[in-house]
Number of protein chains: 2
Amino acid sequence: MNDFWKEFPIIQQQLNETCELIKHQVKIRNKEIEAALIELTYSGGKLLRPAFFFLFAQIGDEQKQDHKQLIKIAASIEILHMATLIHDDIIDDSPLRRGAVTLQSRYGKDIAVYTGDLLFTEFFELLAETMNGSDFLHTNASAMKRLLLGELDQMHTRYKKDMTISDYLRSINGKTAELFSLSCLEGAHFGHACAEVQRLAKRIGRHIGIAFQVYDDILDYTADVKTLKKPVLEDLAQGVYTLPLIFAMQKAPERFAVYLEKGATITDVQAAETAKLVHELDGVNDAKTFAKRVTEKALDDIKKLPECLGKEQLTLLTEMLLQRSY
Amino acid sequence: MNDFWKEFPIIQQQLNETCELIKHQVKIRNKEIEAALIELTYSGGKLLRPAFFFLFAQIGDEQKQDHKQLIKIAASIEILHMATLIHDDIIDDSPLRRGAVTLQSRYGKDIAVYTGDLLFTEFFELLAETMNGSDFLHTNASAMKRLLLGELDQMHTRYKKDMTISDYLRSINGKTAELFSLSCLEGAHFGHACAEVQRLAKRIGRHIGIAFQVYDDILDYTADVKTLKKPVLEDLAQGVYTLPLIFAMQKAPERFAVYLEKGATITDVQAAETAKLVHELDGVNDAKTFAKRVTEKALDDIKKLPECLGKEQLTLLTEMLLQRSY
C-alpha cells in the first residue's frame with residue numbers, strides 16, 4: 001500500500017484488510033502465478049474503487065453493517081479490476097503497469113490469459129459468498145458485461161480517423177465509469193444507506209469514473225515517463241484516440257490526417273508532432289475543461305449527501321484525485 | 001447442429017433450443033464478434049455437456065421441472081465451455097477448431113481474449129438468472145476455478161520430460177472432467193432427481209469426462225487430419241504429453257529422451273518418430289485399456305440409476321461416445 005491514503009486512516013485500514021483478503025484469495029498451487037498476483041495487488045495501485053466503496057459504506061448505517069462482507073465485496077471489485085488490467089495488457093502489449101513489468105511481458109501471454117480468467121473466477125466466488133440471493137448478482141453480471149463491451153468498443157475504434165466524442169464516451173463509460181459507479185453503489189447499498197443515497201452514489205461514481213478516465217488520458221499527452229510510471233504517447237501510437245486528440249481534431253481535421261493515416265506505423269517523431277498539434281489546438285485544455293465540468297457534477301451530488309465524516313472524506317478524495325497536478 | 005443426435009430426438013430438440021438461446025445471448029453491438037460466436041455455436045461441436053445435462057434431467061421429475069430454466073442452465077454450461085475453448089486456442093495458437101478457423105487466428109488474439117471474457121460474463125448472467133440464492137452458485141464458481149486450475153496445470157507441465165500419470169490425471173480432472181461432472185450433477189439437481197441420483201450423476205460425469213479426454217488424447221496419435229478436423233500430433237509438438245506417451249515413456253524413458261529434450265523445437269519427422277515409438281511400446285493400447293476401465297466404472301454407476309428412457313439413452317450415448325471408432 002502506498003501513502004496516498006495517509007490522510008484517510010479508516011480507509012487505509014480497510015484497504016489493508018482488502019489487500020490481505022485478496023492475497024489469501026489468490027492462493028493457488030501454481031506458486032509463480034500466485035506470486036505475480038500478490039505483486040500486482042501490492043504494486044502501488046491506489047485501490048481507488050474499493051476506497052470509494054468504503055467511503056459510501058461510511059455514509060450508510062454502521063450498526064447494520066457486516067464488516068467481513070464489506071471487505072469481501074471490496075476485494076471482489078478490485079479483483080475484477082485486476083482481471084481486466086491483465087487482459088488489457090495483453091491487448092496493448094504493455095511492458096509496464098503500475099511501474100512494474102506486466103504479467104504478460106514477464107510470463108508470456110499464455111499465463112496472462114489464464115491468470116486473468118482465474119481472477120474472474122475469484123470475483124465470481126466472492127459474489128457467491130456475499131450476495132447469493134441478492135439482485136446485486138445481476139447488477140454485477142451486467143456491470144462486468146458493460147465493462148467488457150467498453151473494452152471491445154475501444155478495440156473496435158482503434159485507429160479510427162473520424163473518432164467522435166460520442167464513440168469515446170461510450171467506450172470509457174463501459175471500460176472505466178461502470179466499475180466506479182458499481183463501487184459507489186455497492187458501498188451505499190451494502191453499507192445500508194437509504195435508497196436516495198444509493199441513487200446518488202451510482203451517479204456520483206459514474207461521473208467520477210468519467211472524469212478520472214479523461215484525466216488519465218490527458219496524462220498521455222502531458223506527463224513524462226518518470227511520474228506516470230508508463231510510456232507516454234502510448235495511446236496515440238496504439239490507435240487509442242482519446243479526448244484531447246478528438247477535441248483538437250475537430251478544429252482542424254486536415255492537419256491531423258497526415259499523421260493518423262499512418263495508423264500503427266506512426267513513428268515516435270510523428271507521434272510527438274501529433275501531440276504538439278493537440279496542445280497547439282487546445283485539445284488538452286478542452287479535455288481538462290470537460291473533466292472539470294464532470295467533476296463538478298459529482299461534487300454537486302456529493303453535497304446532497306447527508307452530513308458525516310464519509311461525506312467530508314469523499315469530497316476531499318474527489319478533489320484530490322480529480323484536481324491533482326494539472 | 002450435426003446429425004450426431006438423430007437417435008436422440010428429445011435431446012436433439014433440447015440442444016436446438018439451447019443453441020437458439022446461446023445465439024440470442026451473444027447478441028452484442030460488435031457484429032463481427034457476434035457472428036464469430038454464432039459460428040462457433042453451430043460449427044459442429046456435439047454439445048455433449050448440455051446433452052448429458054438433459055439426459056440426467058430426464059431421470060428427474062418432469063412435473064417439477066422448469067423447462068426454460070433447464071435450457072438456460074444447459075446454455076450456461078456450453079457457454080463456459082466455449083469461453084475456455086477460445087482462450088485455449090490462444091494458448092495453443094491453434095489454427096483450427098471444430099474444422100473451422102479459430103477465432104484467434106481469424107480475428108487475432110486481442111479479439112479472442114475479450115470474446116472469451118465476454119462469454120464468462122454471459123455464463124455468469126445466466127447463473128444469476130437461474131440459480132440466484134442456490135448453493136449451486138458456489139458449485140459453479142468452484143467448478144470454473146478447478147477448470148482453470150486444470151488448464152494452468154497443463155500449461156505448467158508442458159514439455160515436462162518426467163510427466164507422470166498423476167500430473168496428467170490432475171490436469172484432465174480439472175480441465176475436462178470437472179465440467180462433465182457439473183453438467184450431470186446439475187441435470188440431476190435441476191431436473192429434480194433424488195439425492196442418490198445426484199450423487200451418482202456427479203461421479204458418472206467425472207468418469208465420462210476422464211474417459212472422453214483420454215480418448216481425445218489418443219486421437220492425436222491415431223487419427224488423420226481429415227477425420228479429426230484438426231492437426232495430428234499437435235499435443236506432442238506443443239509439449240502436452242498425454243497418456244499414450246506417458247505409458248510408453250514409463251517402459252523405456254531412455255528411448256524418448258532424445259526426442260523430448262528437443263522441447264518446442266521438435267520437427268515433424270521427430271514427432272512422427274516419437275508417435276511410432278508410442279505405438280510400438282503399446283502406449284496407445286494401454287491408454288485405451290485405461291479409458292475402457294474408466295468407462296466401465298461410469299456404466300456400472302449408470303446401471304444403478306432408476307429405470308427410464310433417460311437411463312437407456314444415457315447408456316447408449318456413453319457407449320457410442322466412448323467406444324467409437326477405436
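Refer to the structure above for everything that follows.
Residues numbered from 1 in each chain as written. Chains lettered and ligands numbered in written order. Predicted model: local features only at pLDDT ≥ 70, side-chain atom pairs only at ≥ 80, totals over all residues. Heavy atoms only, no water.

With respect to the overall build of chain A
Reasoning step 1: Helix and strand content of chain A: 16 helices and two strands.
Reasoning step 2: Taking the principal axes of its C-alpha atoms as reference, chain A extends roughly 60 × 50 × 35 Å.
Reasoning step 3: Counting only residues that meet the buried cut, chain A has 60% of its 326 residues in that class.
Reasoning step 4: Pairs at least 24 residues apart make up 74% of the contacts formed inside chain A by residues separated by at least 6 positions. (Helix = DSSP H or I, 4+ residues; strand = E, 2+ residues; numbered from the N terminus. Buried < 20%, exposed > 50% of the residue type's maximum accessible area, 1.4 Å probe, protein only. Contact = heavy atoms within 4.5 Å.)

Comments concerning the nonpolar core
Reasoning step 1: Membership of the largest hydrophobic core comes to 234 residues, with the highest contact counts inside it found for V214(A) and V214(B).
Reasoning step 2: Apart from the residues within four sequence positions on either side, V214(A) is in contact with Y168(A), I172(A), L243(A), A287(A), F290(A) and A291(A). (Core = buried A, V, L, I, M, F, W, Y, C linked by side-chain atoms within 4.5 Å.)

Overview of the pattern of salt bridges
Reasoning step 1: Enumeration over the complete set of coordinates arrives at 36 salt bridges over all chains.
Reasoning step 2: Between D61(A) and K64(A) there is a salt bridge, with its nearest N and O atoms 3.9 Å apart.
Reasoning step 3: Using a relative accessible area of 27% as the deciding quantity, one classes D61(A) as partly exposed.
Reasoning step 4: For the salt bridge of K72(B) with E129(B), the shortest nitrogen-to-oxygen distance reads 2.7 Å. (Salt bridge = Lys/Arg side-chain N within 4 Å of Asp/Glu carboxyl O.)

A word on the packing of aromatic side chains
The description of two aromatic rings rests on the distance between their centres and on the angle between their planes.
Residue and element names in this part refer to chain B.
Reasoning step 1: Applying the stated rule across the entire model yields 20 aromatic pairs over all chains.
Reasoning step 2: A centroid spacing of 5.2 Å and a plane angle of 70 degrees characterise the contact between F136 and F190, whose relative ring orientation is edge-to-face. Of this pair, F136 sits in helix α7 (residues 136–156) while F190 sits in helix α8 (residues 165–190), placing them 54 residues apart in sequence.
Reasoning step 3: Since its relative accessible area comes to 9%, F136 is described here as buried. (Phe/Tyr/Trp six-rings, centres within 6.5 Å; stacked < 30°, edge-to-face > 60°.)

Digging into helix α4 (residues 67–92) of chain A
Residue and element names in this part refer to chain A.
Reasoning step 1: In a regular helix each residue adds 1.5 Å, so 26 residues correspond to 38 Å; α4 covers 37 Å between its end C-alpha atoms and thus fits that length.
Reasoning step 2: When you tally the buried positions in α4, you get 23 out of 26 residues, the bulk of the element.
Reasoning step 3: Capping the start of α4 is the job of one residue whose side-chain oxygen sits 3.2 Å from the backbone nitrogen of K68: D66. (Expected span 1.5 Å × (residues − 1). Polar contact = N/O pair within 3.5 Å; in protein donor to acceptor, adjacent residues only side chain to side chain.)

Description of the interface of chain B and chain A
Reasoning step 1: On the chain A side, the residues contacting the 46 residues of chain B number 46 residues.
Reasoning step 2: Between chain B and chain A, the buried area comes to about 4,300 Å², and carbon and sulfur atoms account for 68% of it.
Reasoning step 3: The tally of links from chain B across to chain A stands at six salt bridges.
Reasoning step 4: Two residues, K145(A) and E122(B), come together in a salt bridge whose shortest N-O distance is 3.2 Å.
Reasoning step 5: Along the contact surface separating chain B from chain A lie 20 residue pairs in polar contact (both at pLDDT 80 or more).
Reasoning step 6: Secondary-structure elements contributing two or more residues to the side of chain B that touches chain A are α4 (67–92), α6 (109–130) and α7 of chain B.
Reasoning step 7: For the side of chain B that touches chain A, the leading source of residues is α6(B), giving 16 residues.
Reasoning step 8: Of the residues that constitute the side of chain B that touches chain A, the class distribution is 21 nonpolar, 11 polar and 14 charged. (Buried area = accessible area lost by both parts, 1.4 Å probe. Nonpolar A, V, L, I, M, F, W, Y, C, P; charged D, E, K, R; others polar.)

As for the environment of G191(A)
All names here are of chain A.
Reasoning step 1: In this fold, G191 is placed in the loop between α8 (165–190) and α9 (195–222).
Reasoning step 2: A sequence separation of 96 residues divides G191 from A287, and the C-alpha atoms of the two residues are 34 Å apart.
Reasoning step 3: When neighbours within four sequence positions are excluded, G191 is seen to be in contact with A57, G60, D61, Q65, L70 and E186.

Comments concerning the packing of helix α1 (residues 9–25) of chain A against helix α2 (residues 31–42) of chain A
All names here are of chain A.
Reasoning step 1: Viewed as axis vectors pointing N to C, α1 and α2 meet at an angle of 170 degrees, and their least axial separation amounts to 9 Å. When the axis of α1 is compared with that of α2, the two are roughly antiparallel. Each of C19, E20, I22 and K23 in α1 lies in contact with α2, whose residues at this interface are I38, T41 and Y42.
Reasoning step 2: In terms of residue class, the contact of α1 with α2 is made up of four nonpolar, one polar and two charged. (Axes fitted to C-alpha atoms, helices over the stretch in contact; angles between N-to-C directions. Parallel < 35°, antiparallel > 145°, perpendicular 65-115°, else oblique.)

Thoughts on the side chain of E186(B)
Residues and elements named next belong to chain B.
Reasoning step 1: Within the secondary structure, E186 is located in helix α8.
Reasoning step 2: R146 provides the closest opposite charge to the buried, unpaired E186, separated from it by 11 Å.
Reasoning step 3: Setting aside residues no more than four positions away along its own chain, E186 makes contact with F53, I73, I77, M131, F136, N140 and G191. (Lys, Arg positive; Asp, Glu negative; His and termini not counted.)

Considerations on the relation of the copies chain B and chain A
Reasoning step 1: With an RMSD of 0.0 Å, the fit of chain B onto chain A corresponds to turning through 180 degrees and sliding 0.0 Å along the axis. Between the two chains, the operation in question is that of a two-fold axis. Every residue of chain B has its C-alpha some distance from the rotation axis, and the shortest such distance is that of G133(B), at 1.8 Å.
Reasoning step 2: Most of the interface of chain B is mirrored in chain A: 100% of its interface residues are interface residues there too. (Least-squares fit on C-alpha atoms with pLDDT ≥ 70 in both.)

Quick look at the packing of α4(A) against α8(A)
Packed helices, taken two at a time, are described by the angle their axes make and the gap between the axes.
All names here are of chain A.
Reasoning step 1: Here α4 crosses α8 at 175 degrees, and the two axes come no closer than 11 Å. Classified by the angle between their axes, α4 and α8 sit roughly antiparallel to one another. Of α8, the residues touching α4 (which contributes Q69, L70, I73, I77, L80 and H81) are L179, S183, E186 and F190.
Reasoning step 2: Looking at the contact of α4 with α8 residue by residue, the classes come out as six nonpolar, three polar and one charged.

With respect to unusual backbone geometry
Trans is the common state for peptide bonds, and a negative phi is the common state for residues other than glycine.
Residue and element names in this part refer to chain A.
Reasoning step 1: Located in the positive-phi region is H192, a residue other than glycine, with phi close to 60 degrees.
Reasoning step 2: Tracing the backbone through its elements, the reader meets H192 in the loop between α8 and α9.
Reasoning step 3: Since its relative accessible area comes to 37%, H192 is described here as partly exposed.

A look at the state of the cysteines
Residue and element names in this part refer to chain B.
Reasoning step 1: Here the structure, examined in full by the defined rule, presents zero disulfides over all chains.
Reasoning step 2: C194 carries a free sulfur, and the closest cysteine sulfur to it, the one in C308, is 11 Å from it.
Reasoning step 3: The class for C308 is partly exposed, based on a relative accessible area of 24%. (Disulfide = S-S within 2.5 Å.)

What to know about the environment of Q198(A)
Residue and element names in this part refer to chain A.
Reasoning step 1: Relative to the helices and strands, Q198 is located in helix α9.
Reasoning step 2: Using a relative accessible area of 16% as the deciding quantity, one classes Q198 as buried.
Reasoning step 3: Placed 175 residues apart in sequence, Q198 and K23 show a C-alpha to C-alpha distance of 30 Å.
Reasoning step 4: Ignoring anything within four residues of it in the chain, the contact list for Q198 reads L185, A188, H189 and A193.
Reasoning step 5: At 3.1 Å, the side chain of Q198 and the backbone oxygen of A193 are in polar contact.

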